[in-house]
Structure formats: C-alpha cells, structure tokens
Amino acid sequence: MVKKDDPVMISRSWRTALLALSLGGMGLACESEEPFPTLDELDQLRSLHSLSSHPRLDSTNRVDGLEAARTLGNELFRDPGLSRCGSVSCESCHTGEGRTVETPTAEGCGGQRTERNPPTVLNVRHNRWFMWDGRADSLWSQAILPLTNPVEMDSDAEVVRARLQAQDSYRSRYLALFGADPGAEPGPELMANVGKVLAAYERDLMRVEAPFDVDVRRFLAAVDAGTAESDPAYLGLKTFVRKGQCIVCHKGPSLTDELFHNVGLQDKGPGAGGQWAVLQSLLDWEFNAAGRYSDDRSGADARRLNTLRTQAKQEELEGAFRTPSLRNVALTAPYMHTGAQATLEEVVDFYNEGGDADGTFTGKRTVSIVALELTDAEKRALVELLKSLTGTPR
Ligand code: HEC
Ligand code: HEC
C-alpha cells in the first residue's frame with residue numbers, strides 16, 4: 001500500500017490534475033491554467049522560508065552546544081595530525097565559502113580520490129541523515145566515517161589517541177569535557193567523543209537568511225494583495241512548485257524532505273546502490289543513534305531506526321540518494337553525488353530531460369522524474385531561484 005503522504009503519490013495526482021487541465025483546456029490555450037498559487041501550492045510556499053539559525057540541541061551528543069566543545073572541535077577539524085598520513089584534515093575537503101571542494105571528488109591520504117562529491121557542511125546540523133546514502137544518523141557518528149576511511153584520513157583510535165596525547169591543550173580539554181584521559185579511554189568511546197566534539201563545532205557552520213527568504217515572504221504578501229503575477233519571483237516560484245515539481249522533494253525551510261530518491265543519475269561506481277546498499281549496516285552499526293555510544297537514552301532514535309527497518313522497500317531505496325538541501329547551492333558546485341554536473345544550468349537541464357538514460361544507473365527511477373518541457377525563461381528562472389539561496393554567514 002502506498003501512504004497518502006508519499007511524495008510519489010502527490011506528484012502522480014498532480015500530473016493527473018495537470019493532464020486533465022491541459023486536456024480540458026484544449027483550444028483555450030493558457031486561459032485554462034489555474035492561477036498560481038492554488039491553496040495547496042500556497043501551503044507549500046509557506047513552508048519554504050526562514051530556516052532557523054538555532055537548531056535544536058542533539059540529544060544524542062552530550063557536549064553539543066558547549067562552548068568548550070565547539071572551540072576544541074574547531075581545532076580538530078583543521079588538524080591533519082588526526083590522519084594517518086599526517087596531511088589530511090576535515091577541512092581539506094570541506095573548505096572555502098562553500099565548505100566543500102570544486103572538483104567532482106576530493107583527495108585524501110596518499111593522493112587517493114573519494115568515491116563521491118563532498119557535500120557542504122554548511123547548515124549540516126539541520127540534516128536528519130548524513131552522507132549521500134544516509135549511512136550515518138547523527139552528525140557525531142558521521143565524523144567517524146571520514147576519520148577511518150582508508151581513502152580519506154585512513155585513521156583509527158590509536159592514531160587519534162596519539163594526537164590528543166601529544167598536545168597538552170587537547171588532552172586537558174578532552175579530560176574536562178569527558179572526565180577521562182584520552183590515554184585511558186577505550187577506542188570506540190574515544191572515536192565517538194572526538195566525533196561529538198567535531199559535531200559541536202559543525203553545528204555553528206550556518207548560512208541561513210538568503211535573498212530567497214526575502215523573495216518568498218514578499219511573494220506571500222503579494223498573493224494576499226492580489227498582485228502575485230507581477231512579483232519578480234513569480235515565474236521562478238511557480239516553476240519550482242508547479243511545472244518543475246521540484247517541491248515534491250525539495251520542501252520545507254531546508255528545501256529537502258530528508259528522504260531518499262532515485263532521480264536516475266548515471267553512476268556505475270561501487271556505491272551506486274544508494275541507501276538500500278547501506279541500510280543493514282546502519283541498523284547494525286554500534287555507533288548509530290540507538291546504540292551504546294548515543295547519549296539519548298529515551299529510545300526515540302531506536303524507534304526511528306525501527307521504522308526504517310520495517311518500512312524500507314528495495315524498489316524505492318535501490319539507487320536512491322538523499323535529497324540535498326538547496327541552501328547555498330550556488331557555492332557548492334559541482335553537483336549531485338557523483339559531481340557530474342558542473343553548473344546549476346546543467347542540473348536544470350538534467351531535470352528537464354527527465355534524468356539520465358535508463359540503464360546508466362542502478363535501480364528504478366522514481367515516477368516523479370519525467371521530462372518537463374520547460375521554456376528557456378522557466379529554466380532561467382529556476383537557475384535564478386537556486387542562486388538566490390545563498391545565505392549570510394552567521
Ligand atoms: C578526503 C576528503 C574528505 C575528508 C578528509 C573529510 N570529508 Fe567529509 N565528506 C567527504 C565526502 C566525499 C563526503 C560524502 C561521502 C558519501 O556520501 O559517501 C563527505 C560527507 C561529509 C558530511 C555529510 C554531509 C551531508 O550533508 O550528508 C559531513 C558532515 C562531513 N563530511 C564532515 C567531515 C568531517 C567532520 C571530517 C573530518 C573528521 C571530514 N568530513 C573529512 C569528503 C571528505
Ligand atoms: C524525486 C525527488 C526530487 C525532485 C522532484 C527534484 N529533486 Fe533535486 N534532488 C533530489 C535528489 C535525491 C538529489 C540528489 C541526487 C543524487 O545525487 O543522486 C537532488 C539533487 C539536486 C541538486 C544538486 C544539489 C547538490 O548539492 O549537489 C539540485 C540543484 C536540485 N536537485 C534541484 C532540483 C530542481 C531545480 C528540481 C525541479 C526541477 C528538482 N531538484 C527536483 C531529489 C529531487
């Protein structure tokens with residue numbers, strides 16, 4: 001059974017509605033089109049603006065929000081001494097204004113390349129899932145993955161421990177935060193705690209309020225005033241919501257549904273299986289938010305993971321990747337999990353064509369990704385909208 005709030009169903013009914021409209025309106029040209037926005041569309045638009053610059057504290061991380069953790073995390077984020085090769089830090093791949101790299105993949109220890117495009121760490125505290133395939137469910141556990149990945153920092157608890165021991169200021173601050181000397185801490189505990197300190201730093205990497213927010217608020221006022229059509233944001237918002245169907249997945253103040261979809265993007269690499277391929281390992285992972293290193297004992301995260309376990313369907317999750325937030329997207333080229341698209345114009349062309357050819361990716365393309373037949377003006381308006389999402393640094 002398909003749930004009522006399933007994005008696929010929403011988009012299907014939309015297509016049917018549009019089809020009915022265009023059939024019913026044959027010969028009447030554009031007069032048949034409903035004025036934008038309808039009440040449903042207005043509701044969607046209202047959800048889009050004003051992302052909070054103060055996300056909730058992460059209950060699975062007991063040092064989240066502590067200034068001492070933030071400043072230590074800031075130093076560790078930049079410290080290549082946490083890598084086995086001694087030359088790669090978190091910042092190596094999450095750098096510059098966009099907090100990512102400008103190439104499709106990034107370079108780790110020994111000149112090795114990552115498999116995927118590094119996402120930005122801006123606003124990352126708002127994420128529900130981490131990594132393109134969602135194989136981490138908390139920001140602190142995510143940090144353990146690049147630390148221990150052989151092509152990234154190639155590290156482990158002993159390398160990390162040695163680094164913390166070598167610097168008195170690291171050692172004393174770790175002791176103050178966690179009540180144990182890094183030298184005496186069991187390896188997994190040490191890695192989880194270093195992840196928690198890094199996450200405490202990352203939660204402050206925010207760029208929220210953007211020209212887009214101003215546009216949406218002004219547009220909503222124009223709708224009330226009956227002047228929507230003459231608003232400069234009209235075509236961009238209308239295309240984003242109606243003809244482009246972008247809002248089916250890119251919704252809410254972060255412009256993401258925090259779900260996973262197969263948009264039909266060419267990928268023949270070993271990680272092409274998307275969320276389906278990593279689901280079991282996340283459920284079994286000792287560092288997941290329901291596990292023993294989580295500081296949340298309420299069981300809420302265990303229940304959420306259980307929902308994932310029981311609801312996950314192979315046909316939906318095979319080759320499916322996380323819907324990324326579109327905030328600050330102009331700063332984070334190239335795009336998609338493969339970094340295949342160099343510009344926002346190319347991304348819009350990708351959607352306009354209904355994705356890449358069948359047979360070039362794993363799994364089944366979700367039904368809402370179809371050729372859009374956008375006009376040049378509509379494509380330009382979408383690119384403008386995407387460019388207006390660059391926020392002000394906090
Ligand atoms: C060699 C490059 C490299 C290094 C070093 C690196 N990252 Fe990343 N980072 C990536 C790539 C590539 C991804 C996406 C991986 C994937 O989805 O499979 C990523 C993903 C992330 C994400 C998830 C963002 C999201 O939206 O899902 C966060 C957070 C992050 N990295 C933080 C860190 C931290 C903290 C460190 C240091 C401990 C670090 N990174 C080190 C390349 C790197
Ligand atoms: C079915 C859900 C869905 C729809 C509809 C959708 N997207 Fe996406 N979007 C995604 C997913 C999932 C990704 C990541 C895909 C991947 O890398 O495999 C993505 C990636 C992107 C990116 C790249 C962001 C980055 O950081 O790399 C942009 C830009 C984007 N979408 C814009 C749009 C626009 C504009 C539209 C409407 C024309 C749209 N999307 C429609 C789900 C969707």
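Residues numbered from 1 in each chain as written. Chains lettered and ligands numbered in written order. Predicted model: local features only at pLDDT ≥ 70, side-chain atom pairs only at ≥ 80, totals over all residues. Heavy atoms only, no water.

## Focus on the overall build of the protein chain
Heads up, the condition is: In this text, helices come from DSSP runs of H or I with a minimum length of four residues, and strands from runs of E with a minimum of two, each type numbered from the N-terminal end. Radius of gyration means the value over C-alpha atoms here, while the globule rule gives 2.2 Å times the residue count to the 0.38 power. Whether a residue is buried, partly exposed or exposed follows from its accessible area with a 1.4 Å probe, protein chains only, as a fraction of its type maximum: under 20%, in between, or over 50%, in that order. Note on contacts: a residue pair is in contact if any heavy atoms of the two residues lie within 4.5 Å. The accessible surface values rely on the Shrake-Rupley method and a 1.4 Å probe; as for residues, cover is taken only from the protein chains in view. As used throughout, the charge tally considers Lys and Arg to be positive and Asp and Glu to be negative, leaving His and the chain termini uncounted. Taken as the charge centre is NZ of Lys, CZ of Arg, CG of Asp or CD of Glu, depending on the residue.
Assigned secondary structure in the protein chain consists of 15 helices and two strands. Radius of gyration (C-alpha) of the protein chain: 22 Å, near the 21 Å computed for a compact globule of 394 residues. Along the first, second and third principal axes, the C-alpha atoms of the protein chain reach 80 × 45 × 40 Å. Classification of the 394 residues of the protein chain by burial places 52% in the buried group. Counted over contacts in the protein chain with a minimum sequence separation of 6, partners at least 24 positions apart contribute 71%. In the structure as shown, the protein chain presents an accessible area of about 18,100 Å², 54% of it carried by carbon and sulfur atoms. Charge separation in the protein chain, taken as the distance between the mean sites of 44 positive and 57 negative side-chain charges, equals 3 Å.

## Quick notes on the coordination of the iron atom of ligand 2
What counts, and what does not: In this description, a donor is an N, O or S atom within 2.8 Å of the metal centre, a cutoff extended to 3.2 Å for sodium, potassium and calcium. Water is not part of the atom list, which can make sites seem incomplete. In this scheme the shape depends on donor count and angles: four donors with every angle between 85 and 135 degrees give tetrahedral, four or six donors with opposite pairs above 155 degrees and others between 65 and 115 give square planar or octahedral in turn, and any other case is irregular.
On the protein side, the iron atom of ligand 2 has His-250 (NE2) and Tyr-351 (OH) as donor atoms, found 1.9 to 2.1 Å from it. Given six donor atoms and angles of 83 to 179° at the metal, the environment of the iron atom of ligand 2 is assigned as octahedral. In this pair, His-250 sits in the loop between helix H10 (234-243) and strand E1 (260-261) while Tyr-351 sits in helix H14 (residues 344-352), placing the two residues 101 residues apart along the sequence.

## So, the UniProt feature "domain: Cytochrome c" (unreviewed entry) in the protein chain
Let me state the cut-off plainly: UniProt positions are given in the numbering used here, feature names are shortened, and annotations may be inferred rather than shown by experiment.
Per the UniProt annotation, the sites labelled "domain: Cytochrome c" (unreviewed entry) are residues 68-168 and 231-390. Across residues 68-168, helical content stands at 35% and strand content at 0%; the span's end C-alpha atoms are separated by 15 Å. Regarding residues 231-390, the helix share stands at 36% and the strand share at 2%, and the terminal C-alpha atoms are separated by 20 Å.

## What about the domain arrangement of the protein chain?
Put simply, the test is: Note that the domain bounds were set by an automatic or database domain assignment. When two parts are put together, the accessible area they lose, computed with a 1.4 Å probe and summed over both, is reported as buried area. Salt bridges, as used here, are contacts in which a Lys or Arg side-chain nitrogen is within 4 Å of a carboxyl oxygen on Asp or Glu. Think of a polar contact as two N or O atoms within 3.5 Å of one another; within protein, one of them needs to be a possible hydrogen donor and the other a possible acceptor, and neighboring residues in sequence only count if both atoms come from side chains. Three classes are used: nonpolar for Ala, Val, Leu, Ile, Met, Phe, Trp, Tyr, Cys and Pro, charged for Asp, Glu, Lys and Arg, and polar for all others, with Gly counted as polar.
Examined at the domain level, the protein chain breaks down into domain 1 (7-52 + 209-268 + 319-387) and domain 2 (67-202). Centre-to-centre separation of domain 1 and domain 2, based on C-alpha positions: 34 Å. Contact with domain 1, which involves 18 residues of that partner, is made by 21 residues of domain 2. A per-residue breakdown of the area domain 1 buries against domain 2 is headed by Glu-258, Arg-322 and His-337, which together make up 31% of the total. The interface formed by domain 1 and domain 2 holds zero salt bridges in total. Between domain 1 and domain 2 we count seven residue pairs in polar contact (both at pLDDT 80 or more) in total. When the residues that make up the side of domain 1 that touches domain 2 are grouped by side-chain class, the tally is eight nonpolar, seven polar and three charged.

## Focus on the coordination of the iron atom of ligand 1
When only protein atoms are considered, the iron atom of ligand 1 has one donor, His-94 (NE2), at a distance of 2.1 Å. Looking at the element boundaries, His-94 is found in the loop between helix H4 (90-93) and helix H5 (139-148).

## Comments concerning the site of ligand 2
Heads up, the rule is: Here, proximity means that at least one heavy atom of the residue falls within 4 Å of the molecule or strand.
Taken together, 24 residues form the shell around ligand 2, and within it Cys-246, Cys-249, His-250, His-337 and Tyr-351 come nearest. Contact between ligand 2 and Met-336: an oxygen atom at 2.8 Å from a main-chain N or O atom of the residue. The contact in question runs from an oxygen atom of ligand 2 to an N or O atom on the backbone of His-337, over 2.7 Å. Its residues assigned to classes, the shell around ligand 2 shows 15 nonpolar, eight polar and one charged.

## With respect to the site of ligand 1
Contacts to ligand 1 come from 31 residues, most closely from Cys-90, Cys-93, His-94, Met-131 and Arg-322. The backbone of Trp-132 places a nitrogen or oxygen atom 2.8 Å from an oxygen atom of ligand 1. For ligand 1, an oxygen atom lies 2.7 Å from a polar atom in the side chain of Arg-322. Mapped by element, the contributors of at least two residues to the shell around ligand 1 are H4, H5 and helix H8 (187-202). At five residues, the largest contribution of residues to the shell around ligand 1 is made by H5. Across the shell around ligand 1, the residue classes tally to 18 nonpolar, seven polar and six charged.

## Points about empty space enclosed by the protein
By rolling a water-sized probe across the atoms, one finds the places where empty space is left. The cut-off we apply is this: Think of a 1 Å grid over the protein atoms and nothing else: a 1.4 Å probe that fits but is trapped marks a cavity, an open set flanked by protein within 12 Å on at least five of seven lines marks a pocket, and residues with an atom within 4 Å of a point count as lining. Grid points are joined across faces, edges and corners, and a volume is the space filled by probe spheres set on the points.
The final tally for this structure, using the stated rule, is one cavity of 30 Å³ or more. As a volume, the largest cavity reaches approximately 40 Å³. Surrounding the largest cavity, Leu-51, Asn-123, His-126, Asn-127, Ser-254, Thr-256, Glu-258, Ser-325 and Arg-327 form its lining. Of the residues assigned to the lining of the largest cavity, the class counts are one nonpolar, six polar and two charged. Two domains share the lining of the largest cavity, each providing at least three of its residues, namely domain 1 (7-52 + 209-268 + 319-387) and domain 2 (67-202).

## Quick look at the confidence of the model for the protein chain
Note the cut-off: Note on scores: pLDDT gives the predictor's confidence for each residue, bounded by 0 and 100.
Averaged over every residue, the pLDDT of the protein chain is 92; residues scoring 70 or more account for 92%. Confidence drops under a pLDDT of 50 for residues 1-13, and excluding neighbours within four residues, the segment shows 14 contacts in the predicted structure.

## Structural notes on the state of the cysteines
In plain terms, the rule: Sulfur atoms of two cysteines make up a disulfide when they are within 2.5 Å.
Inspection of every chain in the model, using the stated rule, returns one disulfide. Disulfide pairing places Cys-85 opposite Cys-109 at an S-S distance of 2.0 Å. Looking along the S-S bond of the Cys-85-Cys-109 disulfide, the torsion reads about -75°, which is the left-handed sense. In this pair, Cys-85 is assigned in the loop between helix H3 (67-77) and H4 and Cys-109 in the loop between H4 and H5, connecting sequence segments 24 residues apart.

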